[in-house]
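# Structural overview
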Amino acid sequence: MIIRFEKRREPSKFMQAVTPIAAVLLTMVIGALIFWLIGYDGPRAVKEIFFTPLLAPYKWPDVARRAAPLILIALGLCMGNRAKVWNIGAEGQYLLGALAGAGIAYLTKSLEGWWIMPLMIAAGIVGGALWAAIPAFLKTRYRVNEILSSLMLVYVALQVLNYLVTGPWKDPNGHNFPQSAPFTASQTLPHMIWGTPFPPGLFIAFALAIVFWIVMSRSEFGLGIRVVGDAPKAARYAGYDANKMVWQTLLISGGMAGLAGVLEAATQGGQLNLGFPSGYGFTAIIVSFLGRLHPLGAALAGVVLAVTYVGGQVAQTVVHVPNATAGIFQATMLFLILASDVLVKRRIKIVWSQPAQAPQVARSTT
Amino acid sequence: MAGSNEALGGSAAARTRLELRGVTKRFPGVLANDNVSLKVRPGEIHALLGENGAGKSTLVKMIYGILAPDSGEVLWDGQPVKIQNPRAARKLGIGMVFQHFSLFEALTVLENIALGLDSNISQRELEAEIRRVLDLYGLKLDPQRIVSTLSVGERQRIEIVRALLLNPRLLIMDEPTSVLTPQEVEQLFETLRKLAAGGCSILYISHKLHEIIALCDVATILRGGKFVAECDPKKETSRSMAELMIGANLKEITRAPGRAFGEEKFAVRALSLPKVGDFGMALRDINFSVRAGEILGVAGVAGNGQNEFMTALSGEVRALTPESIVLGGAPIGRLGPTDRRALGLCAVPEERNGHAAVGDFTLTENGALTARRRMHFMQGGLISAGRATAYADKVIKAFTVKALGPSSTAGSLSGGNLQKFIMGREILQEPTALVVSQPTWGVDAGAAGAIRQAIVDLAGRGAAVVVVSQDLDELLEFCDSLVVINLGGLSHVMKVGDVSIEEIGLLMGGVHGDPVATVQMTEALHDHPI
Amino acid sequence: MIVDFLIPALITIVNVTTPILLAATGELVVEKSGVLNLGIEGMMLIGAITGFAVTFVLGDPSYADSAPWLAAAAPWLGVIAAAVAGAAASMLFAFLVLTLGSNQVATGLALVIFGTGLSSLIGASYVGITIPSFDSIFPDWLASDPVGKLFFGYSPLVYFAFLAVFGVYWFLNKTRSGLVLRAIGENDLSAHSIGYSVIGVRYAAVAFGGAMAGIAGAYFSMVITPLWAEQMTAGRGWIALALVVFSGWRPGRLLAGAYFFGLFMTLELYAKASGFSFLPSQFWAAMPYLMAIIVLAIMSARESGGGEAPACLGKPYMSDA
């Protein structure tokens, strides 16, 4: 008996929609199994991680607060990943965005006004974009792989954060803890706005998701992004400049990550400390794939992963699993969605009792 | 080994070297081979004839063990066999020279051959064996050269040597001459005749009728996956075999008689470009001009700069000066593809999948790739889905593309239909000038004819057309003038009908690797026009 | 004077370089076959915790009576277990990428996240515990003086790393199987046409890479410190990846490049310890990563890329039957 993959005539739309859902469900099963094998209460852990946050309204603000940065970063990553420009260093751009915003806050700490917040946000976007400009420059000018360069910069960004909060920006009233001074009222965003339990970041994220969707599917730029990823030669033939695309996608995803960073810093009151980096930049990669690199999918997937974050903390207290375990679920989801991708383009065919044959590799001959 | 087969020649029927009985092979959506039967005798040069899509490659892959038949029998020396994989085929004594070479550019000839062998002999022994075979068949090749430095003809020799080292009893050649100059084709035929005289059978796949008449003893004709006829090429004519191959009366291309050419529409002047990368080719002082209504053919063997030529004309690579490329009087050398299209220059590259079209995109999106500006799809910064879809639909209908609709993906179309769509997409933009490379490669005869006719009609409406093709027959069929591209440079322009195949062949071959001698030879030919 | 300072510094460089060298050597083979496995960091962590846990379990003093040899053998068995664990983790990657044809970048990242999480999970109950360390393979008197220590005083894994580099060089350039592997990395379609099992060879290469990464991780938890801590590999796996690119996929350059990075990582340690006050300690901590970027820029910008990448690197390969 041989299991083979046969190419479909057309990619299956059904599979495209169903596989992310199946991946999440299967993750719950596998996750429960892994935990159970190691000695924890597997099913209970899954329940706490996946369902409790959804079913308990008092947890929703928490979920929303986590979903906002995930979605924002993932939107930029969706675009980049479609173009096969791999921005693995979004975490670093997120940090630089937060730092840029905090920098403005530091400079304006004795001032007041409605203009401070927009300025901080703009600085955050620019900060993240500039940090992403480095890999863009290195790739277009020196052909350096952007995976490595953007990733190395994450570690550099961590050191920058370390330096600033233990040195120049250390809170004079902070009892010598490595943290920056808290933001003033003009520099802080409310946790919940417009009477909803959701932070402003979430609304921005959803609005931008729609914008990204329109741009990706209908604009000339969006067409270019999709071609550059699938067929670079065709992209050039269609008049798109590959180097320009690299710059555009990296600046956009860097800017989005920076935006997420400054919003996060401003929403939590600005006390940047060594615990600020929360891995959103990496988790957002999973969000973008789970959302099938589609902006609306990413918005939904961002909520799902935010649930696992919040649930992970719940599970930590209730089932006593360590906090890092959310990563296992998230990685499993990513594995499953990547694995199930094959079903979109190919169908499984089980062949009984055929003589072993060397598989034919597709060529464009008769 | 050489003489033993002839000694058995007496009982030919029982001693058929290879026989296929009722072999069938199915793929999703297509029946590639339908109950095909075939007999090859020892020392026979047997042609397998059919147009693109007839099932020749599939059949031969089953003989070589790459595929297994769904039903039917394969007999070797009269005994039924199941050939599990290429290794097993080689063990039986079957060798194959593919149309697409399996070579490793960065390695030497010797290493490449070593990789193709099943046994593990030392490199020194192997080199000695290789030289023995080269001498035996009068072939020229240096085992220490790195493959990336070799011409296409030389690379094919590596494949042939690989097969010959096995002392094959059946040698399969899959479309071997599409990459050779006419002179190299003769050399190949000499080698094959020597082999056959020694008792090796040859299965020669081709769609080139005059070659088969010149070389082969027997021809089996396939059409649409089915066996159609077995005949003696020497007793048939090109026309009768072509009709068996295509199954209908041949349609001639219609051109308006007494065409007059208009003013110059498209010209290239002193275009030179440096080579890109290790395997690229520099363009040297390209000069030509095309008038309205004229079709200029660019002949040449693969690897002489055709791709660089195409990308320079389409705008994918910009020229060094604006005046090196002139369209309708305007200098466009520094413009990109989109701007060139807007001004009326459309191009179709050689590669369908991944270059001219994207397999995962719908036909609508593929249409938008090139037509979005010239055909005004843009509405307020966004591409209008309505207009894009309507255009794709128009192309599908006008060029009878067999597809479910504009929302089918390009990858779901057959080669011929995709090519028709691509050609239609460019032609319906009514360009002032059209540059196209390999317009009918890998396309069935019906679609090929339609494409050629569409090109001819476009020229009839006053466009200037440039066709780059490795198929000299095709170019001679419908072009008005001809140039040959060799080592990145163009020959002088010749009028089709005024020039002989020999002269063209010499220009195509150049004096490979020696640009000075090539120029001298070209100049010598200039001095003696025919 | 200079001996007091230089020798310990050199020894530190060798120690600090070893895990990167191990991981990079493995990844070199993987990439030569045409596969890009970004999951090194994850495989290293899995190797680290496995090696630690197995050594701990086997090195338990309560076995000393029934099997006295176990105490000395425990670390060796631990390393072997780490190699097996790393290879097993890599098989997860291999199945997705080679058999199902999934995106190599994303799958590699998933492996990193998974390995980090799984190792934290398993390692939670091992925090704060120590394990027996390796017995030196050279007799003690050889390493008694400072110069002797420079050559003979290392853990066995250090010598293994050296041998591995030479072994890989010999394999790739002097053996038939190595030629086949290189060919597959250059042109997988051709290799397949000839009849080689592209998928099979790549599976083997990925497994080798996983085993080496596992051993590299074990180096952290068993040699550098006989302790386990979450994410203790601290991004060294990514430096190993940069190193492979930097080396132009050539084992000789890999060796030199590894020590180059080791130098910078040692500088970071010394800076933290002695507190160079003219530059903040964070600068030195960031140095290895900054150097990696600079070096990558220099190497990749060269016309030939400093040794060509295998032509098929990262491209998926699917048989369409």
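Residues numbered from 1 in each chain as written. Chains lettered and ligands numbered in written order. Predicted model: local features only at pLDDT ≥ 70, side-chain atom pairs only at ≥ 80, totals over all residues.

Helix and strand counts for chain B stand at 18 helices and 23 strands. By the burial criterion, 48% of the 530 residues in chain B qualify as buried. Contacts in chain B between residues at least 24 apart in sequence constitute 69% of all its contacts with a sequence separation of at least 6. (Helix = DSSP H or I, 4+ residues; strand = E, 2+ residues; numbered from the N terminus. Buried ≥ 20, exposed ≤ 12 C-beta atoms within 10 Å, placed from the backbone. Contact = placed C-beta atoms within 7 Å.)

This brings us to the overall build of chain A. The number of helices and strands found in chain A is 14 helices and two strands. Relative to the globule expectation of 21 Å for 366 residues, the C-alpha radius of gyration of chain A, 22 Å, shows essentially globular dimensions. Along the first, second and third principal axes, the C-alpha set of chain A runs to 80 × 55 × 35 Å. Looking at chain A residue by residue over its 366 residues, the buried ones come to 55%. For chain A, long-range pairs separated by at least 24 residues make up 79% of all intrachain contacts whose partners lie at least 6 apart in sequence. (Rg over C-alpha atoms; globule rule 2.2 N^0.38 Å.)

So, about the packing of helix α3 (residues 60–82) of chain A against helix α7 (residues 200–218) of chain A. Helices that pack against each other are described as a pair by the angle of their axes relative to one another and the distance between those axes. Residue and element names in this part refer to chain A. In the contact formed by α3 and α7, the axes pass within 8 Å of each other and the chain directions differ by 20 degrees. With respect to α7, the element α3 is oriented roughly parallel. Crossing handedness for the pair α3 and α7: left-handed. Contact with α3, carried on its side by Ala64, Ala67, Ala68, Pro69, Ile71, Leu72, Leu75 and Met79, involves Gly201, Leu202, Ala205, Leu208, Ala209, Phe212 and Met216 of α7 and no other residues of that element. Residues that form the contact of α3 with α7 fall into these classes: 14 nonpolar, one polar and no charged. (Axes fitted to C-alpha atoms, helices over the stretch in contact; angles between N-to-C directions. Parallel < 35°, antiparallel > 145°, perpendicular 65-115°, else oblique. Left-handed = near helix turned anticlockwise from the far one by under 90°. Nonpolar A, V, L, I, M, F, W, Y, C, P; charged D, E, K, R; others polar.)

In this assembly, 44 residues from chain A lie in contact with 44 residues from chain C. Listing elements by their share of the side of chain A that touches chain C, those giving two or more residues are β1 (2–7), α5 (116–142), α6 (146–166), α11 (280–290) and α13 (325–340) of chain A. The class makeup of the residues in the side of chain A that touches chain C is 29 nonpolar, ten polar and five charged.

The next point concerns the sheet that holds strand β12 (residues 283–291) of chain B. All names here are of chain B. Ordered in space as β12-β11-β14-β15, the four strands form an open sheet in which the pairing is antiparallel. Looking at the sheet topology across the chains shown, the edges are occupied by β12 and β15 (330–331). Two strands pair when backbone bridges link them, and strand β14 (residues 325–327) and β15 are joined in this way by two bridges, in the antiparallel orientation. Paired with Val326 across the two strands is Pro331, which belongs to β15. (Pairing = 2+ DSSP bridges.)

Here the focus is the interface of chain B and chain C. The accessible area lost on association of the parts is a frequent measure of interface size. Between chain B and chain C, the contact holds 14 residues from the first and eleven residues from the second. Of all the elements in the fold, those that place two or more residues in the side of chain B that touches chain C are α3 (86–92) and α4 (109–116) of chain B. Take the side of chain B that touches chain C: its biggest share by element is three residues, from α4(B). A class-by-class count of the residues in the side of chain B that touches chain C yields seven nonpolar, four polar and three charged.

Turning our eyes to something else, we now look at helix α4 (residues 90–107) of chain A. An ideal rise of 1.5 Å per residue puts 26 Å on 18 residues; α4(A) measures up with 26 Å between its terminal C-alpha atoms. Within α4(A), 15 of the 18 residues are buried, which leaves the element mostly enclosed by the surrounding structure. (Expected span 1.5 Å × (residues − 1).)

Here we come to helix α4 (residues 104–123) of chain C. The end-to-end C-alpha separation of α4(C) is 28 Å, in line with the 28 Å expected for 20 residues at 1.5 Å each. Judged by how many residues are buried, α4(C) sits mostly within the fold: 18 of 20 residues are covered.

Judged by nonpolar contacts, the single largest core of 384 residues is most densely connected at Ile71(A), Ile73(A), Ile215(C) and Leu243(C). Of all the elements, helix α9 (residues 198–224) of chain C adds the most residues to this core, at 17 residues. Other than its neighbours up to four places away in sequence, Ile215(C) contacts Leu22(C), Gly47(C), Val79(C), Ala82(C), Ala83(C), Gly86(C) and Leu157(C). (Core = buried A, V, L, I, M, F, W, Y, C linked by C-beta atoms within 7 Å.)

Let us look at the confidence of the model for chain B. All names here are of chain B. Of the residues in chain B, 90% reach a pLDDT of 70 or more, and the chain-wide mean stands at 84. Per-residue pLDDT stays below 50 along residues 1–14; that stretch engages in twelve contacts with residues further than four places along the chain or on separate chains. Counting interchain partners and residues more than four positions distant, the pLDDT-below-50 stretch residues 524–530 has five contacts. As a predicted assembly, this complex carries a pTM of 0.84 together with an ipTM value of 0.85. (pLDDT = per-residue confidence, 0-100.)

What follows deals with the environment of Arg347(A). Residue and element names in this part refer to chain A. With respect to the helices, strands and loops of the structure, Arg347 is situated in strand β2 (residues 346–351). Linking Arg347 and Ile3, residues 344 residues apart in sequence, is a C-alpha distance of 10 Å. The contacts of Arg347, once residues within four sequence positions are left out, are Glu6 and Arg8.

Residue and element names in this part refer to chain A. Two elements in contact, α11 and helix α12 (residues 295–318), have axes whose closest approach is 8 Å; the angle formed by their N-to-C orientations is 130 degrees. In terms of orientation, α11 and α12 fall into the oblique class. Read as a crossing pair, α11 and α12 show a hand that is right-handed. Between α11 and α12, the contacting residues are Thr283, Ile286, Val287, Ser288 and Leu290 on the first element and Ala298, Ala301, Gly302, Val304 and Leu305 on the second. Of the residues belonging to the contact of α11 with α12, the class tally is seven nonpolar, three polar and no charged.

Take unusual backbone geometry next. It is generally the case that most residues other than glycine have a negative phi and that most peptide bonds are trans. Positive phi is not limited to glycine here, since Leu293(A) has a value of about 60 degrees. If you trace the backbone, Leu293(A) turns up in the loop between α11 and α12. Assessed through the 21 C-beta atoms surrounding it within 10 Å, Leu293(A) is described here as buried. A positive phi angle, close to 45 degrees, is found at Glu430(B), a residue other than glycine. Along the chain, Glu430(B) turns up in the loop between α14 (415–427) and β19 (433–437).

A separate point is the confidence of the model for chain A. Interpretation of this model should avoid reading the predicted coordinates in detail wherever pLDDT is low. All names here are of chain A. For chain A, the average pLDDT comes to 86, and 95% of its residues sit at 70 or higher. Of all helices and strands in chain A, the one with the weakest mean pLDDT is β1 (74), whereas helix α10 (residues 242–267) scores best (95). Within the model, the stretch residues 354–366 combines pLDDT values under 50 with 40 contacts to residues more than four positions away or in other chains.

All names here are of chain A. Its place among the elements puts Ala67 in helix α3. Between the C-alpha atom of Ala67 and that of Val307, which follows or precedes it by 240 residues, the distance is 8.1 Å. The contacts of Ala67, once residues within four sequence positions are left out, are Leu202, Gly302, Val303 and Ala306.

Here we come to the environment of Val326(B). All names here are of chain B. Note on placement: Val326 falls in strand β14. On the basis of neighbour count, Val326 is assigned to the partly exposed category, with 18 C-beta atoms found within 10 Å. Remark: the alpha-carbon pair of Val326 and Ser37, spanning 289 residues in sequence, is separated by 56 Å. Apart from residues no more than four positions distant in its own chain, Val326 is found in contact with Ala267, Arg269, Pro331 and Ile332.

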